[in-house]
Amino acid sequence: MLASTLNTLMALQNVKAAELARRAGVSRQAISKWIKTAEATHSNQINAEWNTIRKIADALHITPAELSKDPFQSLSDDMKSNYHSLLLWDRLYDSIESFSIALSKKEAKAVGRYVQVFGILSAEKIFGPWIFKKFDHYSPYLHPIRRKELKKLCQIFQELDLI
């Protein structure tokens, strides 16, 4: 099980260690110890019995295999560094992982930053038509010129019944 994946899933589901422990039938101290040990050793690996991993996965409503997947492993260090430069230049988020969590929660600042950097059509691949329908939700976080251009694009898409 990977500590970063466990932390990400807990954050996405807004579950604290104590709540996860209660749901999984393990001690809160065990969960805290796993995470702290993985952070202290920079290993990211949590060693737990299979039965415990299965209980935690069930408590998070995922498969045990998903606890071992690193959602960022496909990114090279150079790509992570590049994304960090593009997306986190002002330290609005402390890591690509926290930015991704904010995106998954559709936080306006994160969505605005993503659209600003990668464009609304790229964001549509992630969010679907929501990205056009909720333009006013995240548009305050876009550069004014970009906001004006994208507002026109959204209007055109609506006029053509594309959204």
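A brief report on the enclosed structure follows. Because the structure is predicted, anything quoted here is derived from the model rather than measured.

### Describing the packing of aromatic side chains
- A complete count under the given rule lists six aromatic pairs for this structure.
- Ring centres of F127 and W130 lie 5.3 Å apart, and the angle between their planes is 40 degrees; on these two criteria the pair is classed as tilted. Each member of the pair, F127 as well as W130, carries the same accessibility label: buried.
- Through pairs of rings, three or more aromatic residues link up here, namely F127, W130, F135 and Y138.

### Looking at helix α7 (residues 108-118)
- If you check which residues of α7 are buried, you get A108, A110, V111, G112, R113, Y114 and V115.
- In the core, the buried residues of α7 are packed alongside α5 (77-87), α6 (96-104), α8 (120-127), α9 (130-133), α10 (135-138) and α11 (144-159).
- One or two steps after α7, the chain reaches G119, where phi turns positive at roughly 95 degrees.

### Things to note about the pattern of salt bridges
- Enumeration according to the criterion identifies four salt bridges in this entry.
- The closest approach of N and O atoms between R23 and E19, which form a salt bridge, is 3.1 Å. Here R23 and its partner E19 are both found in helix α2 (residues 17-24), four residues apart, which amounts to about one turn of the helix.
- Among the ionic pairs, D136 bridges to K151, the shortest N-O distance being 3.6 Å. Taken together, the residues D136 in helix α10 and K151 in helix α11 connect sequence positions 15 residues apart.

### Some thoughts on the environment of I53
- Mapped onto the fold, I53 is located in helix α4 (residues 50-60).
- For I53, a relative accessible area of 10% puts it in the buried group.
- Between the alpha carbons of I53 and A65 there is a distance of 9.2 Å; along the sequence they are twelve residues apart.
- In contact with I53, not counting residues within four places along its chain, are M1, A48, P64 and L67.

### What to know about the packing of α7 against α8
- Two numbers describe how α7 lies on α8: the axes approach to 7 Å, and their chain directions differ by 130 degrees. Regarding the angle of α7 to α8, the classification is oblique. Together, V111, Y114, V115 and F118 of α7 and I120, S122, A123, I126 and F127 of α8 make up the contact between the two elements.
- Of the residues that constitute the contact of α7 with α8, the class distribution is eight nonpolar, one polar and no charged.

Each value, and the rule that gives it
- Residues numbered from 1 in each chain as written.
- Predicted model: local features only at pLDDT ≥ 70, side-chain atom pairs only at ≥ 80, totals over all residues.
- Heavy atoms only, no water.
- Phe/Tyr/Trp six-rings, centres within 6.5 Å; stacked < 30°, edge-to-face > 60°.
- Buried < 20%, exposed > 50% of the residue type's maximum accessible area, 1.4 Å probe, protein only.
- Helix = DSSP H or I, 4+ residues; strand = E, 2+ residues; numbered from the N terminus.
- Contact = heavy atoms within 4.5 Å.
- Salt bridge = Lys/Arg side-chain N within 4 Å of Asp/Glu carboxyl O.
- Axes fitted to C-alpha atoms, helices over the stretch in contact; angles between N-to-C directions.
- Parallel < 35°, antiparallel > 145°, perpendicular 65-115°, else oblique.
- Nonpolar A, V, L, I, M, F, W, Y, C, P; charged D, E, K, R; others polar.

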